[in-house]
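Listed below are the residues making up each chain.
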Amino acid sequence: MAGKREGGRLVYADLLRVAAMLAVIVIHVSGGWLESLPVGTADWQALNVWNSLTRWAVPIFVMCSGMFLLDPKRALPLPTLIFHHFLRLVTALLFWGVAYHLLYALLDGTLRLQSISQALYAVVLGNTETHLWFLTMLMGLYLLTPLLRAFLRGASRGDLHWFLLLYFLLMMVLPLVLRLRGSQTAAYYADHLYLNFTLSNPPLAFVGYYVAGYYLKTYTLGRVAEWLIYLLGIAGAVATVGGTSLLSARAGSLDMTFYSYLTPNICAMSVAVFVLFRYVLGVSDEPSRKGWVSAMSGCGFGVYLSHVIFLILLRRFGMTALPIPTAVAVPLLTLMVFLPSFALSWLLNRLPVVGRYLA
C-alpha cells in the first residue's frame, strides 16, 4: 500500500524527514560522548546502541531528495535546479560556515570585525563545521541530477536492479572487505578497475542512495520483498552494534568501520526504515497529523544545519554527560538540542526572501 497524500504532500516523506532530523541529533549527541568513555563499559555499550540504531539518518535524507528530484515525471528545468535547489545549498553553506566560525570566536573571546571576512575565507577554502559536509555532497548530487534523470527516463526496473546491485557490491561490500580483511586480491581489482572512489568523490559515493529513494517511491514491493527487507534491516542493526563493539574491543578505542554510511549494514537499515515508513507508518490519512508533520518536516533542513550550535553550547557548559542512566540521558539531551534548533529554524524560515535559503 502506497503512502497517503495530505494536502498534496506525501505523508511518509514528511515523516521520514522528521525521523531523520531527530536521529541525526542522536548520532551527534551519543557520538561525542562515546569517544570519551572506555570501550566495553555499560555506558559505552548504551551509547553504541543509540548511535548504531540511528545511523540511517543521513542516507534517509539523501533518499528523500532523490525520491522527488529524480522523478522524470516531475518537471525540473535546469534553471530551477541551479537557482532554486543548488543556490540554496551554496547560500546555506556560506551562511552557516561563517556562523560557526564566529560562534567559536565569540566563545573564545577573539571575535572582531575582521572575523567575518576571515571566516568567509576559511569557508571558501573548505574549512567548515564537520556536519556541513552534507551540503557539499548534495551539491555534487544536484549537479549529476540532469544526467540521472535522463538515465531514469529510459531505464527499466531491471536496469535499476542492475545499477543498485553494482553500487551495493562495489561501493559497500568491496570496501568493507578491504577494511576488514586487508585482502590484497580485492585491493588489486579495486585499484585496477578504478573502483576506489568512495572518499575522493562523495557525490558518486552516495548516488546509490539517491537513486534508491526514487526507486522505492516509484515501484511497489511485494509482501515477500518487504519482509525480507525488514529482516535484512534488523540484521544490519545487529551487525552495526555487534561489529562496532567487537572491533572497538580489539582496537582498544572506538572503531567506526560499521558506522560508515557506505556499508552493507547501514544500507540495509536505511532501506528498511524507508520501506517501513512507506508501507506501515505513513499510510494513515488522519487529518490531525497534517499540520505538525508538515511543519516539522519543513524545518528539518534548518534543524540539521543549526543543531550543532546547541551541542557546542552544551559542551561549553559541561552538560554533554548528565548524571542519569546513559540510556535515558541520550534522548533527554537530544530533546534539549532539538527544541531550540527547531525554534531557530522556524524563525529563520519566516524571514522574507532569504529565509528558505538559510533553513
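Predicted model only: the values in this text are computed from it and were never measured.

A. The confidence of the model for the protein chain, seen in detail. On average, the protein chain scores 88 in pLDDT, and the residues at 70 or more come to 88%. Strand β1 (residues 5–6) is the least confidently modelled element of the protein chain, averaging 50 in pLDDT, while helix α11 (residues 223–251) averages 97, the highest of any element. Here residues 196–201 is modelled with pLDDT under 50, and outside its nearest four sequence neighbours on either side it reaches nine contacts, counting other chains as well.

B. Structural context of the packing of aromatic side chains. Counted according to the given criterion, the structure contains 15 aromatic pairs. Here F206 and Y209 contribute two aromatic rings whose centre-to-centre distance is 6.1 Å and whose plane-to-plane angle is 40°, an arrangement assigned as tilted. On the accessibility criterion, Y209 (2% relative accessible area) is buried. An aromatic cluster of at least three residues, connected via ring pairs, comprises F61, W133, F134, Y167, F206, Y209, Y261 and Y304. One residue, R356, lies across the ring of Y357, its end atom 5.1 Å from the ring centre.

C. Highlighting the packing of helix α2 (residues 42–52) against α11. Close contact between α2 and α11 brings their axes to 9 Å; oriented N to C, the two are set at 135°. In terms of orientation, α2 and α11 fall into the oblique class. Seen along the crossing, α2 lies across α11 with a hand that is right-handed. Seen from α2, the contacting residues are W44, Q45, N48, V49 and S52; seen from α11, they are T240, V241, T244, S245 and S248. Taken together, the residues of the contact of α2 with α11 sort by class into three nonpolar, seven polar and no charged.

Analysis parameters
- Residues numbered from 1 in each chain as written.
- Predicted model: local features only at pLDDT ≥ 70, side-chain atom pairs only at ≥ 80, totals over all residues.
- Heavy atoms only, no water.
- pLDDT = per-residue confidence, 0-100.
- Helix = DSSP H or I, 4+ residues; strand = E, 2+ residues; numbered from the N terminus.
- Contact = heavy atoms within 4.5 Å.
- Phe/Tyr/Trp six-rings, centres within 6.5 Å; stacked < 30°, edge-to-face > 60°.
- Buried < 20%, exposed > 50% of the residue type's maximum accessible area, 1.4 Å probe, protein only.
- Lys NZ or Arg CZ within 6 Å of the ring centre and 35° of its normal.
- Axes fitted to C-alpha atoms, helices over the stretch in contact; angles between N-to-C directions.
- Parallel < 35°, antiparallel > 145°, perpendicular 65-115°, else oblique.
- Left-handed = near helix turned anticlockwise from the far one by under 90°.
- Nonpolar A, V, L, I, M, F, W, Y, C, P; charged D, E, K, R; others polar.

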